[in-house]
Each structure stands twice: as structure tokens, then as C-alpha cells.
Amino acid sequence: MSRANSQPSWAGCRLPKEAGRSVARAALLLRPRQSAATAAAALLSRWRLPRAGAMVKLAAKCLLAGDPAVGKSALAQMFRNDGAHFQKNYTLTTGIELLVKAVSVPETSDSVEFFIFDSAGKDLFSEMLEKLWEQPNVLCLVYDVTNEQSFNNCAKWLEKLRAHAVGMHIPGVLVGNKTDLVARRVVEQKQAQEWAEKHGLEYCEMSVKEMKNFEAPFHILAKSFQQLYKEKVETFHSLA
Ligand SMILES: Nc1nc2c(ncn2[C@@H]2O[C@H](COP(=O)(O)OP(=O)(O)OP(=O)(O)O)[C@@H](O)[C@H]2O)c(=O)[nH]1
Ligand SMILES: [Mg+2]
């Protein structure tokens, strides 16, 4: 979403205020014999689309989900503090903690500001907080490579996300955490990667404890989200 104006949402991306107004006006201005496409094109021609190549600042609601104790909060804190602090003691999250941090989209001048919703993994709490899952833009789904159940439950988390984003494409990344616990590992990379691919997710592994790769999920999501935004803008350009 462009942060220059207020931000109506459109299929997971946010577009400038004029776009929202124009599209809303399309219905009103549609004349009896005019097709929807013609009306939309007429209106979009009045809306100034971002110039190709212009620097874009996007913002995205990022759901951080997964079973209890897989390391979601440790990841969120580590990411926010640029690797300065590893949360050694387990403090069960009982609600949703909101963290905000911007990242540059790799190999571009664009950036994405993530509003990270660090969600409770425990069912009792997560079910009470479903309202806060509404209108997500991206998903960071974490499991623990030493805990098979946490991997198996990723299907449940994904289903839950999709119920909150019917008809929308939500870029997501599956993250295997705690790779430092080599001897205790039970979920192999290949297995998880295949599952991620099958479900349309990117994949990466990390050890928050060893500060390995903890920024990777957000870089991946920034790239995917920016890509989605560009596709939406191109679609609008082609209509205008
Ligand atoms: N060995 C190891 N431990 C980790 C790693 N990341 C997190 N932990 C530990 O795992 C425990 C649980 O971490 P949290 O981040 O609180 O887990 P969570 O997913 O937020 O759990 P809920 O809030 O209950 O959903 C803590 O004791 C962390 O220190 C890691 O990469 N390696
Ligand atoms: Mg937590």
C-alpha cells in the first residue's frame, strides 16, 4: 500500500486513495449500456498510477503463526532488535503482540513496513483472537524442526489463514526454526520444502538462537509482497 495517502485494500495490496475512490465511483457512473470494463477504464484513466520505476513504500499486515514454543516471539524480537536480543526464556504469548519494522526489498529501492502480529500458538488463546487475523497481507508460518507435531499442524494454521482471506492471494513463507538442535532434528528440510511448495509457500530454515537467517523470512515476504503489488499496478495500467 502506498503510504502517501489513506489506503483502501485491493486483493491483498493497498492502492492510493484516488484508486479506491475511482473504483467506488465506477458503480455510480456506470451507464445502462456501458460495460463495466469501459466504465472502469474511463475512471482509471483519471487516476494517476505510480510511475514505472518510482520508489515505493509498502505496508503489510504480517501474521506470525505456528504452534506454541516454536520460536515465533523469539524471531519477532530478534528481528525487531536487529539481532541484539535472543529471548532465552519461554514466555507463553497469550494474545497478539504487535511489532512494526520496515525492510528494504532486496535488489530494489522499495521497502515494506511490516505490521507483525505475533500470535499465540496455544489454541485456547488463538481461537479467542481470530478477529485480529482479519485482512492479512502476508503469512510467516513457523514450526520447530525438532517437533514433528508442530510441522504437521502447519496445515491447520494455513487453513485458518485461508478462512480469513477467502479469494485473496496471500504470500507466505514456511520457516523451520531451531536448526541449532542438530541431534534432535526430526523434520527433514526436503520434506518441509516439498510441503511448502505444494501449498504455494516459500521456504527457509533458521536458528534464532544462533542468529542464523532470522531476517530471511521477512526479506522473502517483502519480495513476494512487492511482486504482488507490481502485478496489481500493471493490471491497473493495462485497464487505463
Ligand atoms: N534451541 C533453540 N531454541 C529456541 C530458538 N528459538 C526460540 N527458542 C526457544 O524456544 C522457546 C519458545 O520460544 P517463543 O518464541 O517464546 O515461542 P512462541 O512460538 O512464541 O510460543 P507461543 O507464544 O506459546 O506461541 C524459548 O525458550 C526460546 O528461547 C532456536 O532457534 N533454537
Ligand atoms: Mg510467543
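Residues numbered from 1 in each chain as written. Chains lettered and ligands numbered in written order. Predicted model: local features only at pLDDT ≥ 70, side-chain atom pairs only at ≥ 80, totals over all residues.

Draft legend 1. The nonpolar core, seen in detail. The biggest cluster of nonpolar side chains holds 48 residues, and the ones touching the most others in it are C62, L64, C140, L141, L221 and F225. Of the residues forming this core, the biggest block, seven residues, is contributed by helix α8 (residues 216-239). Residues contacting F225, with those up to four places away along its chain left out, are L58, A60, V112, N137, V138 and P171. (Core = buried A, V, L, I, M, F, W, Y, C linked by C-beta atoms within 7 Å. Buried ≥ 20, exposed ≤ 12 C-beta atoms within 10 Å, placed from the backbone. Helix = DSSP H or I, 4+ residues; strand = E, 2+ residues; numbered from the N terminus. Contact = placed C-beta atoms within 7 Å.)

Draft legend 2. Examining the sheet that holds strand β6 (residues 138-144) more closely. Strand order across the open sheet formed by six strands is β4-β5-β3-β6-β7-β8, with mixed pairing between neighbours. The open sheet has two edge strands, β4 (96-104) and β8 (202-205), and neither has a second partner. When the angles between neighbouring strand axes are averaged without regard to direction, this sheet yields 25°. Sitting on the sheet, helix α7 (residues 189-198) touches β7 (172-177) and β8, and the angle it makes with β8 is about 155°. (Pairing = 2+ DSSP bridges. Axes fitted to C-alpha atoms, helices over the stretch in contact; angles between N-to-C directions.)

Draft legend 3. Expanded view of the site of ligand 1. Around ligand 1, the surrounding shell holds 24 residues, and the nearest of these are G71, S73, T93, G121 and K209. For the shell around ligand 1, the element with the most residues is helix α3 (residues 72-80), which contributes three residues. Of the residues in the shell around ligand 1, the class split is nine nonpolar, nine polar and six charged. (Near = placed C-beta within 6 Å. Nonpolar A, V, L, I, M, F, W, Y, C, P; charged D, E, K, R; others polar.)

Draft legend 4. Highlighting α3. The element α3 is extensively covered by neighbouring structure, given that seven of its nine residues are classed as buried. On its buried face, α3 sits against β3 (57-65), β4, β5 (111-119), β6, β7 and α8. At the C-terminal side of α3, D82 shows a positive phi close to 50°.

Draft legend 5. Spatial organisation of the confidence of the model for the protein chain. With 78% of its residues at a pLDDT of 70 or more, the protein chain has an overall mean of 83. Long-range and interchain partners of residues 1-33, a stretch whose pLDDT sits below 50, account for 54 contacts in this model, where long-range means more than four residues apart. (pLDDT = per-residue confidence, 0-100.)

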